[in-house]
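Spelled out from the first residue to the last, the chains are:
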Amino acid sequence: MNVPFIDLPAQYAAIRQEVRGQVDAVLESAAFILGAYTRQFEDSFSRYLGAQHTIGVANGTDALILTLKACGIGAGDEVITSVNSFVATAEAIAHTGARPVFVDIDPGTYLLSVPQVKARLTSHTKAIIPVHLYGQPVDMDAILALTRGSRLRVIEDAAQAHGARYGKSMVGTLADAACFSFYPGKNLGAFGDAGAVVTADAELATRLRKLRDHGGIRKYQHDVVGFNSRLDGMQAAILHVKLNYLEEWNSLRREHAQLYTKLLSDVAGLILPTVRAGSTHVFHLYVARVIGKSRDALRDFLQHRGVSTAIHYPTPIHLTPAFSYLGHQRGDFPEAEACADSVLSLPMYPELKPSQIEYVAELIRDFMKGQA
Ligand SMILES: *Cc1c(COP(=O)(O)O)cnc(C)c1O
(Lines give C-alpha, C1' and ligand atoms only; values in the text may rest on other atoms or scores of the structure.)
Protein backbone atom coordinates (compact mmCIF):
# COMPACT_ATOMS: atom_id res chain seq x y z
CA MET A 1 0.00 0.00 0.00
CA ASN A 2 1.14 3.54 -0.72
CA VAL A 3 0.39 6.31 1.77
CA PRO A 4 1.70 9.71 0.71
CA PHE A 5 2.23 12.39 3.37
CA ILE A 6 -0.31 14.61 1.63
CA ASP A 7 -2.40 14.09 -1.53
CA LEU A 8 -3.25 17.36 -3.25
CA PRO A 9 -4.17 15.77 -6.62
CA ALA A 10 -6.89 13.73 -4.82
CA GLN A 11 -8.35 16.94 -3.44
CA TYR A 12 -8.29 18.62 -6.84
CA ALA A 13 -10.05 15.66 -8.43
CA ALA A 14 -12.99 16.17 -6.05
CA ILE A 15 -13.50 19.86 -6.90
CA ARG A 16 -12.14 20.04 -10.45
CA GLN A 17 -15.33 21.27 -12.15
CA GLU A 18 -16.01 24.05 -9.66
CA VAL A 19 -12.42 25.24 -9.64
CA ARG A 20 -12.18 25.27 -13.42
CA GLY A 21 -15.40 27.29 -13.63
CA GLN A 22 -14.00 29.92 -11.28
CA VAL A 23 -10.57 30.03 -12.90
CA ASP A 24 -12.21 30.47 -16.29
CA ALA A 25 -14.30 33.34 -14.94
CA VAL A 26 -11.13 35.08 -13.75
CA LEU A 27 -9.47 34.55 -17.13
CA GLU A 28 -12.52 35.93 -18.97
CA SER A 29 -12.71 39.01 -16.73
CA ALA A 30 -8.94 39.59 -16.48
CA ALA A 31 -9.38 40.58 -12.81
CA PHE A 32 -5.91 39.28 -12.04
CA ILE A 33 -4.57 41.54 -9.29
CA LEU A 34 -6.83 42.38 -6.32
CA GLY A 35 -10.19 43.21 -8.00
CA ALA A 36 -13.59 41.52 -7.73
CA TYR A 37 -12.45 37.95 -7.04
CA THR A 38 -10.06 39.01 -4.30
CA ARG A 39 -12.81 41.09 -2.67
CA GLN A 40 -15.23 38.17 -2.97
CA PHE A 41 -12.87 35.86 -1.10
CA GLU A 42 -11.98 38.51 1.50
CA ASP A 43 -15.70 38.93 2.23
CA SER A 44 -16.40 35.21 2.37
CA PHE A 45 -13.41 34.58 4.64
CA SER A 46 -14.51 37.39 6.99
CA ARG A 47 -18.04 35.96 7.08
CA TYR A 48 -16.73 32.46 7.76
CA LEU A 49 -14.61 33.63 10.69
CA GLY A 50 -17.07 36.18 12.00
CA ALA A 51 -14.34 38.78 11.45
CA GLN A 52 -14.52 42.45 10.46
CA HIS A 53 -11.77 42.78 7.86
CA THR A 54 -9.78 40.35 5.72
CA ILE A 55 -6.85 41.76 3.76
CA GLY A 56 -5.58 39.33 1.14
CA VAL A 57 -1.81 39.35 0.67
CA ALA A 58 0.78 37.40 -1.31
CA ASN A 59 1.62 34.75 1.33
CA GLY A 60 1.58 34.02 5.06
CA THR A 61 5.07 35.37 5.68
CA ASP A 62 4.10 38.72 4.16
CA ALA A 63 0.91 38.67 6.26
CA LEU A 64 3.14 38.61 9.36
CA ILE A 65 5.64 41.20 8.07
CA LEU A 66 2.93 43.64 6.98
CA THR A 67 1.00 43.23 10.22
CA LEU A 68 4.08 43.91 12.35
CA LYS A 69 4.86 46.95 10.17
CA ALA A 70 1.26 48.17 10.38
CA CYS A 71 1.57 47.95 14.18
CA GLY A 72 4.59 50.26 13.95
CA ILE A 73 7.06 47.60 15.04
CA GLY A 74 10.67 47.93 13.94
CA ALA A 75 14.29 48.44 15.04
CA GLY A 76 14.79 48.45 18.80
CA ASP A 77 11.60 46.53 19.50
CA GLU A 78 11.22 42.99 20.78
CA VAL A 79 8.60 40.49 19.64
CA ILE A 80 8.05 37.29 21.61
CA THR A 81 7.23 34.07 19.80
CA SER A 82 7.65 30.31 19.96
CA VAL A 83 10.98 28.72 19.15
CA ASN A 84 8.96 25.78 17.77
CA SER A 85 7.34 27.07 14.59
CA PHE A 86 7.94 27.29 10.90
CA VAL A 87 10.87 29.68 10.43
CA ALA A 88 8.64 32.31 8.79
CA THR A 89 7.32 33.55 12.14
CA ALA A 90 10.81 34.55 13.24
CA GLU A 91 11.81 35.73 9.77
CA ALA A 92 8.91 38.18 9.71
CA ILE A 93 10.01 39.70 13.03
CA ALA A 94 13.62 39.95 11.86
CA HIS A 95 12.62 41.63 8.57
CA THR A 96 10.98 44.52 10.43
CA GLY A 97 14.28 45.18 12.24
CA ALA A 98 12.84 44.00 15.56
CA ARG A 99 14.46 41.28 17.65
CA PRO A 100 12.77 37.87 17.84
CA VAL A 101 12.58 36.81 21.50
CA PHE A 102 12.03 33.08 21.68
CA VAL A 103 10.24 31.10 24.34
CA ASP A 104 10.24 27.36 24.87
CA ILE A 105 7.16 25.21 24.47
CA ASP A 106 4.67 23.56 26.76
CA PRO A 107 5.73 19.88 26.80
CA GLY A 108 2.14 18.66 26.51
CA THR A 109 0.95 20.66 23.50
CA TYR A 110 4.23 21.85 21.89
CA LEU A 111 2.66 25.34 21.84
CA LEU A 112 4.52 28.33 23.27
CA SER A 113 4.73 28.31 27.07
CA VAL A 114 2.67 31.16 28.50
CA PRO A 115 4.64 31.41 31.79
CA GLN A 116 7.79 31.79 29.68
CA VAL A 117 6.17 34.54 27.63
CA LYS A 118 5.47 36.35 30.88
CA ALA A 119 9.07 35.88 32.00
CA ARG A 120 10.46 37.40 28.78
CA LEU A 121 8.37 40.59 28.77
CA THR A 122 10.58 43.71 28.92
CA SER A 123 10.12 47.43 28.36
CA HIS A 124 11.10 46.78 24.72
CA THR A 125 8.43 44.15 24.07
CA LYS A 126 5.96 45.43 21.48
CA ALA A 127 4.12 42.30 20.46
CA ILE A 128 3.54 38.61 21.10
CA ILE A 129 2.96 36.16 18.26
CA PRO A 130 1.30 33.00 19.56
CA VAL A 131 1.45 30.25 16.94
CA HIS A 132 -1.53 27.87 16.76
CA LEU A 133 0.87 25.10 15.79
CA TYR A 134 -0.20 21.86 14.09
CA GLY A 135 -3.82 23.15 14.14
CA GLN A 136 -4.22 23.50 17.92
CA PRO A 137 -5.21 26.90 19.39
CA VAL A 138 -2.92 28.53 21.95
CA ASP A 139 -4.51 29.34 25.34
CA MET A 140 -5.36 32.88 24.25
CA ASP A 141 -7.10 33.88 27.50
CA ALA A 142 -3.80 33.33 29.28
CA ILE A 143 -1.90 35.34 26.64
CA LEU A 144 -4.42 38.20 26.66
CA ALA A 145 -4.32 38.27 30.48
CA LEU A 146 -0.64 39.23 30.16
CA THR A 147 -1.30 42.14 27.82
CA ARG A 148 -4.61 43.53 29.12
CA GLY A 149 -4.37 47.24 29.86
CA SER A 150 -1.03 47.53 28.03
CA ARG A 151 -0.17 48.67 24.51
CA LEU A 152 1.29 45.29 23.67
CA ARG A 153 -0.03 43.85 20.43
CA VAL A 154 -1.03 40.22 20.10
CA ILE A 155 -0.85 38.79 16.58
CA GLU A 156 -2.06 35.24 15.99
CA ASP A 157 -0.02 33.12 13.62
CA ALA A 158 -2.97 31.12 12.31
CA ALA A 159 -1.16 29.66 9.30
CA GLN A 160 -1.82 26.10 10.49
CA ALA A 161 -5.23 26.56 12.11
CA HIS A 162 -7.88 27.62 9.58
CA GLY A 163 -11.25 26.79 11.11
CA ALA A 164 -9.98 25.92 14.60
CA ARG A 165 -12.12 27.10 17.53
CA TYR A 166 -11.06 28.49 20.87
CA GLY A 167 -14.15 28.16 23.03
CA LYS A 168 -16.89 29.35 20.69
CA SER A 169 -14.64 31.79 18.82
CA MET A 170 -12.80 31.15 15.61
CA VAL A 171 -9.04 31.23 15.59
CA GLY A 172 -8.23 34.45 13.75
CA THR A 173 -10.64 36.59 15.77
CA LEU A 174 -8.97 36.28 19.15
CA ALA A 175 -6.43 39.13 19.19
CA ASP A 176 -5.42 42.39 17.47
CA ALA A 177 -4.85 40.62 14.16
CA ALA A 178 -4.33 37.14 12.76
CA CYS A 179 -2.11 36.00 9.90
CA PHE A 180 -3.10 33.15 7.61
CA SER A 181 -1.14 31.30 4.96
CA PHE A 182 -2.85 29.59 2.05
CA TYR A 183 0.26 27.70 0.98
CA PRO A 184 -1.03 24.66 -0.97
CA GLY A 185 -0.50 22.16 1.85
CA LYS A 186 -2.31 24.18 4.52
CA ASN A 187 -5.85 23.20 5.66
CA LEU A 188 -7.13 25.88 3.28
CA GLY A 189 -4.62 26.02 0.44
CA ALA A 190 -4.38 27.93 -2.82
CA PHE A 191 -2.79 26.66 -6.05
CA GLY A 192 0.28 28.77 -5.43
CA ASP A 193 1.26 31.26 -2.74
CA ALA A 194 -1.41 33.29 -0.94
CA GLY A 195 -2.12 34.71 2.51
CA ALA A 196 -4.35 37.05 4.49
CA VAL A 197 -4.54 39.21 7.58
CA VAL A 198 -7.74 39.30 9.59
CA THR A 199 -8.52 42.09 12.06
CA ALA A 200 -11.37 43.91 13.77
CA ASP A 201 -9.28 47.11 13.90
CA ALA A 202 -10.37 49.38 11.02
CA GLU A 203 -7.27 51.58 11.21
CA LEU A 204 -4.98 48.59 11.13
CA ALA A 205 -6.96 47.22 8.17
CA THR A 206 -6.50 50.46 6.23
CA ARG A 207 -2.76 50.51 6.95
CA LEU A 208 -2.51 46.91 5.77
CA ARG A 209 -4.43 47.67 2.55
CA LYS A 210 -1.94 50.42 1.86
CA LEU A 211 1.14 48.40 2.77
CA ARG A 212 0.20 45.48 0.49
CA ASP A 213 -0.20 47.72 -2.57
CA HIS A 214 2.65 50.24 -2.80
CA GLY A 215 1.49 52.36 0.10
CA GLY A 216 -1.90 53.49 -1.17
CA ILE A 217 -5.51 52.47 -1.59
CA ARG A 218 -5.82 54.23 -4.94
CA LYS A 219 -3.48 53.87 -7.86
CA TYR A 220 -0.50 56.28 -7.86
CA GLN A 221 -1.37 57.57 -4.42
CA HIS A 222 1.49 56.52 -2.16
CA ASP A 223 0.85 57.53 1.45
CA VAL A 224 3.50 55.27 2.95
CA VAL A 225 6.39 53.21 1.63
CA GLY A 226 4.62 49.97 0.80
CA PHE A 227 5.17 46.58 -0.73
CA ASN A 228 3.88 44.58 -3.65
CA SER A 229 2.11 41.86 -1.69
CA ARG A 230 -1.32 41.41 -3.22
CA LEU A 231 -3.60 38.39 -3.27
CA ASP A 232 -4.21 37.68 -6.95
CA GLY A 233 -7.66 37.04 -8.37
CA MET A 234 -6.95 33.50 -9.54
CA GLN A 235 -5.84 32.31 -6.10
CA ALA A 236 -8.72 34.17 -4.46
CA ALA A 237 -11.28 32.52 -6.78
CA ILE A 238 -9.83 29.07 -6.00
CA LEU A 239 -9.83 29.82 -2.26
CA HIS A 240 -13.44 30.98 -2.49
CA VAL A 241 -14.42 27.55 -3.85
CA LYS A 242 -12.29 25.64 -1.35
CA LEU A 243 -13.55 27.61 1.66
CA ASN A 244 -16.95 25.89 1.23
CA TYR A 245 -15.25 22.56 1.95
CA LEU A 246 -13.08 23.61 4.87
CA GLU A 247 -15.44 22.52 7.65
CA GLU A 248 -15.97 19.12 6.04
CA TRP A 249 -12.25 18.67 5.41
CA ASN A 250 -11.39 19.65 8.98
CA SER A 251 -13.90 17.14 10.40
CA LEU A 252 -12.34 14.43 8.28
CA ARG A 253 -8.91 15.39 9.62
CA ARG A 254 -10.28 15.13 13.17
CA GLU A 255 -11.79 11.70 12.44
CA HIS A 256 -8.48 10.51 11.02
CA ALA A 257 -6.67 11.82 14.10
CA GLN A 258 -9.10 9.97 16.37
CA LEU A 259 -8.51 6.75 14.47
CA TYR A 260 -4.72 7.09 14.69
CA THR A 261 -5.03 7.77 18.41
CA LYS A 262 -7.37 4.82 18.95
CA LEU A 263 -5.07 2.44 17.11
CA LEU A 264 -1.85 3.70 18.66
CA SER A 265 -2.78 4.71 22.20
CA ASP A 266 -1.41 1.57 23.86
CA VAL A 267 1.91 1.54 22.01
CA ALA A 268 4.76 1.92 24.48
CA GLY A 269 7.38 4.51 23.55
CA LEU A 270 4.99 6.65 21.53
CA ILE A 271 3.48 9.96 22.69
CA LEU A 272 0.35 10.95 20.78
CA PRO A 273 -1.06 14.46 20.31
CA THR A 274 -3.37 15.79 23.01
CA VAL A 275 -6.27 18.15 22.43
CA ARG A 276 -6.76 20.92 24.98
CA ALA A 277 -10.22 20.99 26.56
CA GLY A 278 -12.47 23.75 25.25
CA SER A 279 -10.83 24.09 21.85
CA THR A 280 -11.02 22.39 18.49
CA HIS A 281 -7.84 21.05 16.96
CA VAL A 282 -7.95 21.02 13.14
CA PHE A 283 -4.99 18.65 12.75
CA HIS A 284 -3.04 20.43 10.09
CA LEU A 285 -0.50 17.87 11.27
CA TYR A 286 -0.73 14.74 13.39
CA VAL A 287 2.52 14.91 15.31
CA ALA A 288 3.55 11.93 17.43
CA ARG A 289 6.76 11.61 19.45
CA VAL A 290 8.93 8.55 19.35
CA ILE A 291 10.61 8.05 22.72
CA GLY A 292 11.16 4.29 22.97
CA LYS A 293 13.06 3.78 19.74
CA SER A 294 14.91 5.71 17.05
CA ARG A 295 12.56 8.15 15.34
CA ASP A 296 14.69 8.14 12.21
CA ALA A 297 14.75 4.33 12.06
CA LEU A 298 10.94 4.26 12.31
CA ARG A 299 10.76 6.84 9.57
CA ASP A 300 12.97 4.75 7.27
CA PHE A 301 10.98 1.61 8.14
CA LEU A 302 7.73 3.33 7.12
CA GLN A 303 9.23 4.83 3.97
CA HIS A 304 10.41 1.41 2.80
CA ARG A 305 6.84 0.18 3.16
CA GLY A 306 5.29 3.01 1.15
CA VAL A 307 4.43 5.40 3.99
CA SER A 308 5.77 8.95 3.79
CA THR A 309 6.19 10.97 6.98
CA ALA A 310 7.72 14.34 7.82
CA ILE A 311 9.37 16.20 10.70
CA HIS A 312 7.96 19.49 11.97
CA TYR A 313 10.50 20.78 12.63
CA PRO A 314 13.95 19.18 12.48
CA THR A 315 15.75 22.24 13.89
CA PRO A 316 14.33 24.60 16.51
CA ILE A 317 14.61 28.12 15.13
CA HIS A 318 17.29 29.27 17.64
CA LEU A 319 19.66 26.59 16.30
CA THR A 320 19.28 27.49 12.61
CA PRO A 321 22.26 29.29 11.04
CA ALA A 322 19.90 32.11 10.02
CA PHE A 323 19.23 33.02 13.66
CA SER A 324 22.67 32.31 15.08
CA TYR A 325 23.09 36.11 15.33
CA LEU A 326 20.81 36.00 18.38
CA GLY A 327 23.56 34.14 20.25
CA HIS A 328 21.60 31.11 21.45
CA GLN A 329 23.04 27.67 22.06
CA ARG A 330 21.80 24.13 22.45
CA GLY A 331 20.26 23.82 25.89
CA ASP A 332 18.53 27.21 25.81
CA PHE A 333 15.13 25.71 24.93
CA PRO A 334 15.28 22.09 26.10
CA GLU A 335 11.63 21.17 25.45
CA ALA A 336 11.74 22.35 21.84
CA GLU A 337 15.11 20.67 21.33
CA ALA A 338 13.79 17.36 22.68
CA CYS A 339 10.81 17.67 20.34
CA ALA A 340 12.93 18.30 17.28
CA ASP A 341 14.77 15.03 17.96
CA SER A 342 11.67 12.92 18.52
CA VAL A 343 8.66 14.29 16.57
CA LEU A 344 7.19 12.47 13.61
CA SER A 345 4.29 13.78 11.52
CA LEU A 346 2.12 10.95 10.17
CA PRO A 347 0.23 11.23 6.86
CA MET A 348 -2.70 13.61 7.38
CA TYR A 349 -5.15 15.01 4.84
CA PRO A 350 -8.93 14.81 4.41
CA GLU A 351 -8.75 12.25 1.57
CA LEU A 352 -6.85 9.72 3.70
CA LYS A 353 -8.72 6.40 3.92
CA PRO A 354 -9.29 4.47 7.17
CA SER A 355 -7.58 1.47 5.56
CA GLN A 356 -4.47 3.60 5.00
CA ILE A 357 -4.50 4.74 8.63
CA GLU A 358 -4.87 1.13 9.76
CA TYR A 359 -1.90 0.16 7.60
CA VAL A 360 0.27 2.96 9.01
CA ALA A 361 -0.74 2.13 12.59
CA GLU A 362 -0.03 -1.57 12.11
CA LEU A 363 3.45 -0.84 10.77
CA ILE A 364 4.18 1.48 13.69
CA ARG A 365 2.98 -1.14 16.19
CA ASP A 366 5.21 -3.78 14.60
CA PHE A 367 8.22 -1.52 14.64
CA MET A 368 7.72 -0.33 18.19
CA LYS A 369 7.22 -3.87 19.46
CA GLY A 370 10.62 -4.66 18.04
CA GLN A 371 9.39 -7.38 15.74
CA ALA A 372 10.27 -5.39 12.69
C1 LIG B 1 3.17 28.24 6.47
C2 LIG B 1 3.49 29.05 7.67
C3 LIG B 1 3.85 30.41 7.60
C4 LIG B 1 4.22 31.09 6.31
O5 LIG B 1 3.32 31.03 5.32
P6 LIG B 1 3.78 31.17 3.77
O7 LIG B 1 2.46 31.35 3.08
O8 LIG B 1 4.47 29.91 3.40
O9 LIG B 1 4.64 32.37 3.66
C10 LIG B 1 3.99 31.12 8.77
N11 LIG B 1 3.82 30.55 9.96
C12 LIG B 1 3.50 29.25 10.09
C13 LIG B 1 3.32 28.65 11.45
C14 LIG B 1 3.34 28.45 8.96
O15 LIG B 1 3.06 27.14 9.09
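As shown above, the structure is provided for reference.
These notes cover the structure that comes with them. Model, not experiment: these values are computed from the prediction.

Across the sheet, which stays open at both edges, the seven strands sit in the order β1-β9-β8-β5-β4-β2-β3 with mixed pairing between neighbours. Two strands bound the open sheet, and with one partner strand each, they are β1 (53-57) and β3 (99-103). Neighbour to neighbour, the strand axes of the sheet diverge by 25° on average, direction disregarded. Summarising the sheet, β1 and strand β9 (residues 195-199) pair through five bridges and their orientation is antiparallel. Across the sheet, the residue bridging to His53 is Thr199, located in β9. Across the sheet, helix α4 (residues 88-95) touches β2 (78-82), β3, β4 (125-129) and β5 (153-157), and the angle it forms with β3 is around 150°.

Quick look at the nonpolar core now. Grouped together as the largest cluster of nonpolar side chains are 60 residues, with contacts concentrated most on Phe41, Phe45 and Phe182. Every element with two or more residues in this core is listed here: α2 (35-49), β3, α5 (114-120), α6 (140-147), β8 (177-181), β9, α8 (233-243) and α11 (334-342). Looking at this core element by element, the count peaks at four residues for α2. Other than its neighbours up to four places away in sequence, Phe182 contacts Phe41, Phe45, His162, Leu188, Gly189, Ala190, Gly192, Ala194, Gly195, Ala196 and Leu239. Of all hydrophobic cores here, the second largest spans 29 residues; its members include Ala257, Leu264, Val290 and Val307.

On to the side chain of Asp104, then. With respect to the helices and strands, the residue Asp104 is situated in the loop between β3 and α5. Salt bridges are absent for the buried Asp104, whose nearest opposite-charge side chain, Arg289, sits at 9.4 Å. Separated by 2.9 Å, the side chain of Asp104 and the backbone nitrogen of Ala336 make a polar contact. Those residues within four positions of Asp104 in sequence are excluded, and the remaining contacts are Val83, Leu112, Ser113, Gln116, Phe333, Pro334, Glu335 and Ala336.

It is at 9 Å that the axes of helix α3 (residues 60-70) and helix α7 (residues 202-212) come closest, and there the two elements cross at 125°. On the basis of their axis angle, the class for α3 and α7 is oblique. Crossing hand, α3 versus α7: right-handed. Every residue of α7 that contacts α3 at Leu66, Thr67, Lys69 and Ala70 is listed here: Leu204, Arg207, Leu208, Leu211 and Arg212.

To continue, consider α7. All of the buried residues in α7 are Leu204, Ala205, Leu208, Leu211 and Arg212. The buried side chains of α7 occupy one side of the element, clustering within an arc of 125° when seen end-on. At its buried positions, α7 is contacted by α2, β1, α3, β5, β8 and β9. Backbone nitrogen of Glu203 and a side-chain oxygen of the N-cap are separated by 3.0 Å at the start of α7; the cap is Asp201.

It is worth spelling out the pairing of β2 at this point. Among the five residues in β2, five count as buried, and that is most of the element. Pairing of β2 with β3, which is carried by five bridges, proceeds in the parallel orientation. Pairing of Val79 across the sheet is with Pro100, part of β3. Traced from β2 through α4 to β3, the parallel crossover comes out right-handed. As defined by bridge partners, β2 adjoins β4 across four bridges and the pair is classed as parallel. Bridge pairing in β4 places Glu78 opposite Thr125.

Not every one of the 13 residues close to the ligand is listed here, only the nearest: Gly60, Thr61, Asp157, Ser181 and Lys186. Measuring from an oxygen atom of the ligand, one finds a side-chain N or O atom of Gln160 at 2.8 Å. Interatomic distance of 2.6 Å between a side-chain N/O atom of Ser181 and an oxygen atom of the ligand. For the ligand, whose free accessible area comes to 380 Å², the fraction covered by protein is 93%.

Thresholds applied
- Residues numbered from 1 in each chain as written.
- Predicted model: local features only at pLDDT ≥ 70, side-chain atom pairs only at ≥ 80, totals over all residues.
- Heavy atoms only, no water.
- Pairing = 2+ DSSP bridges.
- Helix = DSSP H or I, 4+ residues; strand = E, 2+ residues; numbered from the N terminus.
- Axes fitted to C-alpha atoms, helices over the stretch in contact; angles between N-to-C directions.
- Contact = heavy atoms within 4.5 Å.
- Core = buried A, V, L, I, M, F, W, Y, C linked by side-chain atoms within 4.5 Å.
- Buried < 20%, exposed > 50% of the residue type's maximum accessible area, 1.4 Å probe, protein only.
- Lys, Arg positive; Asp, Glu negative; His and termini not counted.
- Salt bridge = Lys/Arg side-chain N within 4 Å of Asp/Glu carboxyl O.
- Polar contact = N/O pair within 3.5 Å; in protein donor to acceptor, adjacent residues only side chain to side chain.
- Parallel < 35°, antiparallel > 145°, perpendicular 65-115°, else oblique.
- Left-handed = near helix turned anticlockwise from the far one by under 90°.
- Arc of directions from axis to C-beta.
- Right-handed = clockwise from strand over helix to strand, strands pointing away.
- Near = heavy atom within 4 Å.
- Areas by Shrake-Rupley, 256 points an atom, 1.4 Å probe, with all protein chains shown as cover.

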